[in-house]
Amino acid sequence: MPYRVLADGIALTHLAFLLYVTFGGFVAWRWPRTIVLHAVAVVWGLASVLVGFDCPLTHAENWARHRAGETGLPPSGFIDHYLTGVIYPDSALGLVRALVAACILVSWVGLWRRSRRVSSVAR
């Protein structure tokens, strides 16, 4: 039972990371210093999609699920198992990726514009 709870917690952490990759730029509107952490998260997320890096959270969840006597995630990973085909259809994967990229871009452009406005008022 403890390993099952651990695996579920890791899955929730993984989901939180994906949400941060998507919306963390808007968090930086309130706390601008967090943009560095968000940029690192975006680079990691992009690299895992484009290059195919294995995510350590996937490995951790698989380890905990195996210890709990359950099957781990399929080789396709967290997103394919929990989101694609569940939250949105398989055919919408390209659209979802484009929307995530647009969300990141809008948040970064918005942060840039806000920072310019604040610096011009401070002069």
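Higher on the page you've got the structure.
Thresholds applied
- Residues numbered from 1 in each chain as written.
- Predicted model: local features only at pLDDT ≥ 70, side-chain atom pairs only at ≥ 80, totals over all residues.
- Heavy atoms only, no water.
- Axes fitted to C-alpha atoms, helices over the stretch in contact; angles between N-to-C directions.
- Helix = DSSP H or I, 4+ residues; strand = E, 2+ residues; numbered from the N terminus.
- Parallel < 35°, antiparallel > 145°, perpendicular 65-115°, else oblique.
- Left-handed = near helix turned anticlockwise from the far one by under 90°.
- Contact = heavy atoms within 4.5 Å.
- Phe/Tyr/Trp six-rings, centres within 6.5 Å; stacked < 30°, edge-to-face > 60°.
- Buried < 20%, exposed > 50% of the residue type's maximum accessible area, 1.4 Å probe, protein only.
- Salt bridge = Lys/Arg side-chain N within 4 Å of Asp/Glu carboxyl O.
- Expected span 1.5 Å × (residues − 1).
- Polar contact = N/O pair within 3.5 Å; in protein donor to acceptor, adjacent residues only side chain to side chain.
- Disulfide = S-S within 2.5 Å.

(A) Region of interest: the packing of helix α1 (residues 2-30) against helix α3 (residues 56-67). For the pair α1 and α3, interaxial distance at closest approach is 8 Å and the crossing angle is 160 degrees. As the angle between them shows, α1 and α3 are arranged roughly antiparallel. Note that α1 runs across α3; the crossing there is left-handed. Of the residues in α3, those in contact with Tyr3, Arg4, Leu6, Ala7, Asp8, Ile10, Ala11, Thr13 and His14 of α1 are Leu57, Thr58, Ala60, Glu61, Trp63, Ala64, Arg65 and Arg67.

(B) Structural detail: the packing of aromatic side chains. According to the stated counting rule, one finds 4 aromatic pairs in the structure shown. Centre to centre, the rings of Trp44 and Phe53 are 5.7 Å apart; their planes meet at 20 degrees, and the pair counts as stacked. Owing to a relative accessible area of 35%, Trp44 belongs among the partly exposed residues under this scheme. Overall, the relative accessible area of 41% leaves Phe53 in the partly exposed class.

(C) Seen up close, the pattern of salt bridges. Following the criterion strictly, the structure yields 5 salt bridges and no others. Across the salt bridge formed by Arg4 and Glu70, the nearest N and O atoms sit 3.3 Å from each other. Of this pair, Arg4 sits in helix α1 while Glu70 sits in the loop between α3 and α4 (78-83), placing them 66 residues apart in sequence. Look at Arg4 and you get partly exposed, because its relative accessible area is 37%. Judged by its relative accessible area of 25%, Glu70 falls in the partly exposed class. Between Arg65 and Glu61 there is a salt bridge, and its shortest N-O distance comes to 3.0 Å. Pair noted here: Arg65 and Glu61 are both in helix α3, with a separation of 4 residues, about one helical turn.

(D) Molecular detail of helix α2 (residues 35-50). Taking 1.5 Å of rise per residue, 16 residues should cover 22 Å, and α2 covers 22 Å from first to last C-alpha, within 8% of that figure. Directly beyond the C-terminal end of α2, a positive phi value near 90 degrees is found at Gly52.

(E) Focus on the side chain of His14. The residue His14 is located in helix α1 in this model. Overall, the relative accessible area of 5% leaves His14 in the buried class.

(F) Region of the structure containing the side chain of His38. By the element assignment, His38 lies in helix α2. Accessibility expressed as a relative area gives 0% for His38, which makes it buried. A distance of 2.9 Å separates a polar atom in the side chain of His38 from the backbone oxygen of Val21. Those residues in contact with His38, other than ones at most four positions away along the chain, are Tyr20, Val21, Gly24, Gly25, Ile104 and Trp108.

(G) How the structure looks around the state of the cysteines. Summed over all chains, the structure comprises 0 disulfides. In this structure Cys55 is not part of a disulfide, and its nearest cysteine sulfur, from Cys103, lies 20 Å away. Exposure remark for Cys103: the relative accessible area of 14% places this residue in the buried category.

(H) How the structure looks around the environment of Gly110. Relative to the helices and strands, Gly110 is located in helix α5 (residues 93-122). Classification of Gly110 as buried rests on a relative accessible area of 13%.

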